[in-house]
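# Notes for the structure review
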Amino acid sequence: MKRFIITNLLAVITLPMLACAGGWTTNHYLFSVYESEDFSNRMDEITRNNWKTYLGLADDQYYWFRAEDIIKVAQSKNDALMISYVQNLEKYLDCARQVSYERWEYPTKEELAKRKQALQSVQTYAQSKLKTRLRSQHALLYMRCNMLLGQHQQNITFWEQTASQYIETVYKDMMKNIYAGALYKSGQTDKAGELFAEMGDYTSLMTIYYKKRSFAAIRQEYQKNPNAKVLPFLLQDFVNNAQEADDVTNPNAEGFGGKLFIRDLSKAEVLQMRDFCEQVLSEGKTETPILWKSAKAWLEYMFGSKQQAYADISEAITMAGTNRMKDDARVLYLYIKSALVPQSDDFDSWLAGELDWLDQKKNDDYFFQNAQNRIVQQTLKDRYANDPVKELALLNATGSYLYRNYIDTMKVENLERFYFFTLKTPKTEFERSMKSRLTKEDYVLEDLIGTKYMRLCQWDKAIQWLENIPTSFYESRGYAVYAANRRYNLGPWIKRQWLNSNQMYGDQEIKFSQSPKLQFTREVQKMEGELSVLSGEEQKKQYYELAVRYAQASFTGDCWWLMRDGKSVMDTVRVNEVDLAAKAASYLQKAGDPKDFLLKEKVLFARAYVYMNPTPWYDQVWNNETYEYDMKPNPESAQYKAFITFATFAKQHASELSGYVTRCDEYSEFMKDFAKRQ
Amino acid sequence: MPEGNAVYYWRTDLRLDSTERAFLKQYYINKVYCRYFDVVMDTVESQGPKPNATITFSDTLPDGIEIIPTVYITEDCMHQPHQGLAEKLVKRIRQMNETNDIKAVREIQIDCDYTSKSLKTYYQFLKEVKEAWGQHLSTTIRLHQLSMPAPPVDDGVLMLYNTGDPRKWTERNPILDIRDVSPFLKRLDDYPLPLAAAYPVFSWLRIINGIHVEHTVEADEILKVKEAVEQKRKGLKRSIITYHLDKENIDRYKPETYEEIYHH
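For the structure given in this document, a descriptive report is provided here. Given the structure is predicted, the values throughout are model-derived calculations rather than measurements. (Residues numbered from 1 in each chain as written. Chains lettered and ligands numbered in written order. Predicted model: local features only at pLDDT ≥ 70, side-chain atom pairs only at ≥ 80, totals over all residues. Heavy atoms only, no water.)

### Remarks on the overall build of chain B
What counts here: Secondary structure follows DSSP: runs of H or I at least 4 residues long count as helices, runs of E at least 2 residues long count as strands, and numbering of each begins at the N terminus. Accessibility here uses a 1.4 Å probe with only protein chains present; expressed as a share of the type maximum, an area under 20% marks a residue as buried, one over 50% as exposed, and anything in between as partly exposed. Residue contacts are counted whenever heavy atoms from the two residues lie within 4.5 Å of one another.
On a plain count of helices and strands, chain B comes out with seven helices and 13 strands. Burial statistics for chain B: of 264 residues in total, 57% are counted as buried. In chain B, 75% of the contacts between residues at least 6 apart in sequence involve partners at least 24 apart.

Next comes the structure, spelled out in C-alpha cells:
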C-alpha cells in the first residue's frame, strides 16, 4: 500500500502550528522513555510485506499498492474473494483520498452525496464478507467506512462484540486504532489514551492529551492505574516541558527555532511532580521504578539539589524498567555525572566508553545524537575549557557545531597544539576514542593557523604555515569569487569594489596562479621591512600604501576574505586579532603631510573615511514628530574633525580635486551641513 | 473604499465561540476576511501551485456580516506564470461557497508577499482573477510594496504588521514598530489605490536561544501607528481591520483599545 491512508480521524491538523517550528538547536529533550514506534509507519511496513508475499515479489520489485496489479495476480490464482476485496478497497481509498488530499476541484454537494453513497456500498459489501477467509481485511474495511461516515458508535460495538475476538494480525491492529479513535470521538478519552499509548501512536496521544498535560493529570492517571500505558508518555511530556522552563535560564541552552507542543510549567508544579515521583516509588506499585526515579533525578537536577540528583540517577540506573527507560537513565547519568564529578583520568576513560556507546546507539535513533549534542554543549565543553586540545578533540569528534567557531577564535598557540595532537599516536583511552572519530579536512587547519598569524600581523609565521597550501584549496573556498575580483591595493575610500551579478552568479571559473593570502602576506611583510630604509616622500607613500592594505584586510574592507571566511553586518574586531582598521589609521597618520598633491589629497581624504575614525561625523536621533531619524552633526567626533581638515585643503585646491572626492555622497552631505553652519 | 469595521479570520475551521461572536457584535464588524485556503508550490510531485490547508465550515457567520473569501498565495508561486491558475482559484472559491451554502459573496481578496521579482507575474495573475471573478477584487499591500506600481485591483488592505526583521527582535518588535513604518509614510498620500488599514492584535511565540519570546504589540504602539498613517492618509480611518479574530487576541487588549483601533 502506498500509504496507510487515515487509520483514524485524529489527524495532526487539530494541533496548533508554530510559525518557526524546526530549525537549529542543541537544546534537546533528554527525557525520552516513551517508546513510540510510529504506528503509521509500522502498519505501512507490515501491509507492504503482506502484499509483496501475495504478489510473490522481492523487496526491490514491489513499490506501492496498485489495485490493478493485485487483481491481475488474483485472477491468475482464481481468487474471486481477493478480487472483490481489492476492488472495494480501492473504492474506499478513493473516498479517503478525496478527504485527505487537497485538490483544485472542491467537491460539490452532489459529489459529497455520491461519496457517501460509495462508502455505504463498500460498507455493506464488507459487512457481508465477515465470515470469509479474508474476514480481518473486510472487517477493517467495514470499520474504515464507518469512520469516514462518522458512525463511531457502530465501530465501538463492532470491535467490542466481534473484531476484538479475531486473531492477531496487522488488520486487527489497525481496527484497534480505529476503535480507539471512535472511543475518543465518543468522549471516552481515558480508554482511548490507554490504547493509543499501547499502540505507540504518538500523534493521536498528543492530539487527545494536548490540553490536558499536567501534574494533576499524571497523578490522576496513576491513581486509576499505577502501570497505565499512558504514564510514560505523560511523564515524558511533563519532564520535557520542565526542561523547556529550565532552559530559559540556562546560559548553555542554545537554540533557534522552537519545539512543538510547549506547555509552560511553574516551578511549584515541577516540585510537586518531583515529590510525587518519590511517593510513587515508596508505594511500590509501579513495575517500572526506573521511570519515576529518572524523572525525579532530572527534575531534581534542574530545579532542586544537583547532588541529590546525582544520587538519584546513580540509583535509577540499577532499577527495573524497559530497555528504553534504561538507556535514557544512562544518558541522564552521563549528563549529570559529567556536570558534577571532578576531572580525573578515570573520568576521561569512563567518558570515552560512554561516547563509544552513544555512537553505537545513535545509528538507530537520533535521540542519542541529540542527547550527545546537549551533553557536549552543556557539560563537557565547560569541563575541558582549561584543556584546549582535549576540548577541541571532543568537539571535533562529536561533530559539535562549536568546533568551527572555537578553532576560528582561539589562540593560535592552542590551535597549533591541537594540530600536532591530530598527528601523534594516541596514548590514553580518551585519546584513542577521540582520534578514532576525528574528521580532518585537508589544509583547513594549516590555513587557519596561517590566517591567525596574519590576524596578529606576524607575517613570518604566517608564511611558514601558508606556503605549502596549494592554490586549489583557495579556489574551492566560498570567498574565492571575492578573492578573484577584488584588489587589496585600492583604497576603499577611493572606490568600493562591489561585485556585479555576472561576477557573483556567472560561470567564471576561478583559478589562482598563486595563493592570494600568501601573496598579500609576502607583500605586506616586504613593504614593512622596507620602511626602515625609506625616508621622506617615499616613506610617506609607503605608509599610505600599507594603510590601504590594512584597511582592505580589515573586516570593514572589501578584502575581508584575507582574514575571515565570511562577512556579516554584525562583524567586529574579534579576540586574538589586531584591529587592522586602527592600524591602517595609524599608518595614515604616519604618512604625515606629503608634498605630492595627489598623495596628500588621498591621505587627507582617507583620514576622513568613516572606518578610519572611531566616531562618525553625525549621530542619528529619532524624531517623534516626523517618525523619522534626524541626522545630528557631531563636531566633536573624530570623523567630523577629519572632514574639516580635508575641507580646508579642498577649498585651497577646488579646481584640482579628484573625481573620487567630488563624487563622494558622504563628503557632499557633510559639506552641505558645514555650509549651513558657516 | 466602503466604510466599516472588519476582521481577518485565519484558522482552518470556521467555528466561533461566544467571545468571538460578542466581539463581532460589540465592534460593529460588518466584514470578515476569511482565509479559504493557501496556494503553495507542490514540492512533492512538482505539479505547480496547489491548494493547501483549506478551511472547514463547522459554523456560519452571524447574519448581516459579509464574508470575503481570502486566499494566501506564497510568493514562489509567482516566480513564473501558471496557465489557468486564476480560473482554477476562482472556480474553487465559487464551489466552496456553493457546497457550503455561503451566499451573497461580492468580494474576494488575494494575499501575497510579492516582490520586484514576482510583481509582473502577480499583477498579470490578478488581472486574470479579476476577469474570472467579475466582481470586486482586493489585495493586501505590505509596506515595502508601496514603492512599487499599484496592483490592478479595486482596492487594497495596507498590512501594518510583520514590519520588522524577526532576526533583530532585540532591537525592534518584528510585528510592529513605528520606526519601521515611518520610512514608508511618505508614500501613503499619493498611493493610487483605495486603501483600508489592517492592524495586528496577535501574538507570536518563538523560542530564541532557549528563551520563550512572545512578541505582542503594545496597544500604544498600534495607536501611534494608526495616528501616523491616518495623518498621512485620511481615508485610512474609514475602513479598519484587525488581524485576527481569536478569543486570545480579544482578551489580550482592553475594550478601550479596540474602541480606539476601530475609531473612525
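So much for the structure itself; the text now carries on.
### What to know about the pairing of strand E3 (residues 29–41) of chain B
Residue and element names in this part refer to chain B. Operational definition: By the convention used here, strands pair only if DSSP detects at least 2 bridges between them.
Among the 13 residues of E3, 11 are classified as buried, and the element is accordingly described as predominantly covered. As judged from the five bridges shared by strand E1 (residues 4–9) and E3, these two strands associate in the parallel manner. Residue pairing for E3: tyrosine 9 is matched across the bridge by cysteine 34. Pairing geometry for E3 and strand E6 (residues 66–73), over eight bridges, is parallel. Directly across from tyrosine 33, in E6, lies its bridge partner isoleucine 68. As paired elements, E3 and strand E4 (residues 49–52) share four bridges and run antiparallel to each other. Residue pairing in the sheet places valine 40 in a bridge with lysine 50 of E4.

### So, the packing of helix H23 (residues 459–466) of chain A against helix H27 (residues 516–531) of chain A
All names here are of chain A. We count it as follows: Working convention: axes come from line fits to C-alpha atoms, limited for helices to the stretch in contact. Angles between N-to-C directions cover 0 to 180 degrees. Just so you know how the angles are binned, under 35 degrees is roughly parallel, over 145 roughly antiparallel, 65 to 115 roughly perpendicular, and the rest oblique. Left-handed describes a crossing whose near helix is turned anticlockwise from the far helix through less than a right angle; right-handed describes the clockwise counterpart. Polar here means any residue outside two lists: the nonpolar Ala, Val, Leu, Ile, Met, Phe, Trp, Tyr, Cys and Pro, and the charged Asp, Glu, Lys and Arg; Gly therefore counts as polar.
Running from amino to carboxyl end, H23 crosses H27 at an angle of 155°, the nearest separation of the two axes being 10 Å. Of the possible angle classes, the one that applies to H23 and H27 is roughly antiparallel. Note that H23 runs across H27; the crossing there is left-handed. Only Lys517, Leu518, Phe520, Thr521, Arg522, Val524, Gln525 and Glu528 of H27 make contact with H23, whose side of the interface consists of Trp459, Asp460, Ala462, Ile463 and Leu466. Looking at the contact of H23 with H27 residue by residue, the class counts come to seven nonpolar, two polar and four charged.

### Quick word on a negative patch on the surface
All names here are of chain B. Test applied: Nonpolar side chains (Val, Leu, Ile, Met, Phe, Trp, Tyr) are joined into patches within 5 Å and like charges within 9 Å, using only residues with over 30% relative accessible area and no salt bridge. Note on areas: these come from Shrake-Rupley sampling with a 1.4 Å probe, and a residue is covered only by the protein chains present in the view. Any Lys or Arg side-chain nitrogen located within 4 Å of an Asp or Glu carboxyl oxygen qualifies as a salt bridge. Think of it this way: Lys and Arg go in the positive column, Asp and Glu in the negative one, and His and the chain ends go nowhere. In plain terms, the charge of a residue is placed at NZ if it is Lys, CZ if Arg, CG if Asp and CD if Glu.
A cluster of acidic side chains, namely Glu218, Asp220, Glu256, Glu259 and Glu260, defines a negative patch on the protein surface. In terms of residues, the negative patch owes the most to one element, helix H7 (residues 255–261), which gives three residues. Along the chain, glutamate 260 falls in helix H7. Here glutamate 260 falls in the partly exposed class, since its relative accessible area comes to 43%.

### Structural notes on helix H4 (residues 178–185) of chain B
To keep things clear, this is the line we draw: In the analysis that follows, any N or O atom pair within 3.5 Å is treated as a polar contact, provided that within protein one partner can donate a hydrogen and the other can accept it, and provided that, for residues neighboring in sequence, both atoms belong to side chains.
Burial in H4(B) covers these residues: B:Ile178, B:Asp180, B:Val181, B:Ser182 and B:Leu185. N-capping of H4(B) is provided by B:Asp177, with a side-chain oxygen placed 2.8 Å from the backbone N of B:Arg179.

### Topic: the packing of helix H3 (residues 80–100) of chain A against helix H5 (residues 135–148) of chain A
Residue and element names in this part refer to chain A. Two elements in contact, H3 and H5, have axes separated by 11 Å at closest approach and are oriented at 20°. Judged on the interaxial angle alone, H5 and H3 are roughly parallel. The handedness of the crossing between H3 and H5 is left-handed. Across the interface between the two elements, Leu81, Tyr85, Asn88, Leu89, Tyr92, Cys95 and Ala96 of H3 pack against Gln137, His138, Leu141, Arg144, Cys145, Met147 and Leu148 of H5. Split by residue class, the contact of H3 with H5 holds 10 nonpolar, three polar and one charged.

### Quick look at the pattern of salt bridges
When their charged atoms lie close together, side chains carrying opposite charge are able to pair. Residues and elements named next belong to chain A. As enumerated under the stated definition, the model contains 67 salt bridges over all chains in all. Where aspartate 275 meets arginine 274, a salt bridge forms, and the shortest distance between an N and an O atom there is 3.1 Å. With relative accessibility at 18%, the residue arginine 274 sits in the buried group. We note a salt bridge from aspartate 408 to arginine 574, for which the minimum N-O separation is 2.8 Å. On the criterion of sequence distance, the pair formed by aspartate 408 in helix H19 (residues 402–409) and arginine 574 in the loop between helix H28 (536–553) and helix H29 (580–590) is long-range, its members being 166 residues apart. Among the residues examined, aspartate 408 registers a relative accessible area of 21% and is labelled partly exposed. Given the relative accessible area of 25%, arginine 574 is considered partly exposed. Three or more residues are tied together by salt bridges with common partners; here these are Arg274, Asp275, Glu278, Lys293, Lys296, Glu300, Asp312 and Glu315.

### Details of the packing of aromatic side chains
Residue and element names in this part refer to chain B. Quick note on the threshold: Centres within 6.5 Å are what make two rings of Phe, Tyr or Trp a pair, Trp counting through its six-membered ring; a difference in plane orientation under 30 degrees is then read as stacked, over 60 as edge-to-face, and the rest as tilted.
Summed over all chains, the structure comprises 69 aromatic pairs over all chains. Here phenylalanine 23 and tyrosine 27 contribute two aromatic rings whose centre-to-centre distance is 4.7 Å and whose plane-to-plane angle is 50°, an arrangement assigned as tilted. By relative accessible area, phenylalanine 23 is classed as buried at 3%. Here tyrosine 161 and tyrosine 243 contribute two aromatic rings whose centre-to-centre distance is 4.9 Å and whose plane-to-plane angle is 25°, an arrangement assigned as stacked. With a gap of 82 residues between them, tyrosine 161 in the loop between strand E9 (155–159) and H4 and tyrosine 243 in strand E13 (residues 239–243) connect regions that are remote in the sequence.

### Concerning the environment of A:Asn225
All names here are of chain A. Following the sequence through the fold, asparagine 225 ends up in the loop between helix H10 (215–224) and helix H11 (230–247). In this structure asparagine 225 comes out as partly exposed when scored by relative accessible area, which is 32%. Spatially, the C-alpha atoms of asparagine 225 and threonine 286 are 9.2 Å apart, while their sequence positions differ by 61 residues.

### A closer look at helix H6 (residues 152–161) of chain A
Where H6(A) is concerned, the buried positions are A:His152, A:Asn155, A:Ile156, A:Phe158 and A:Trp159. Residues of H6(A) that are buried sit in contact with H5 and helix H7 (170–185) of chain A.

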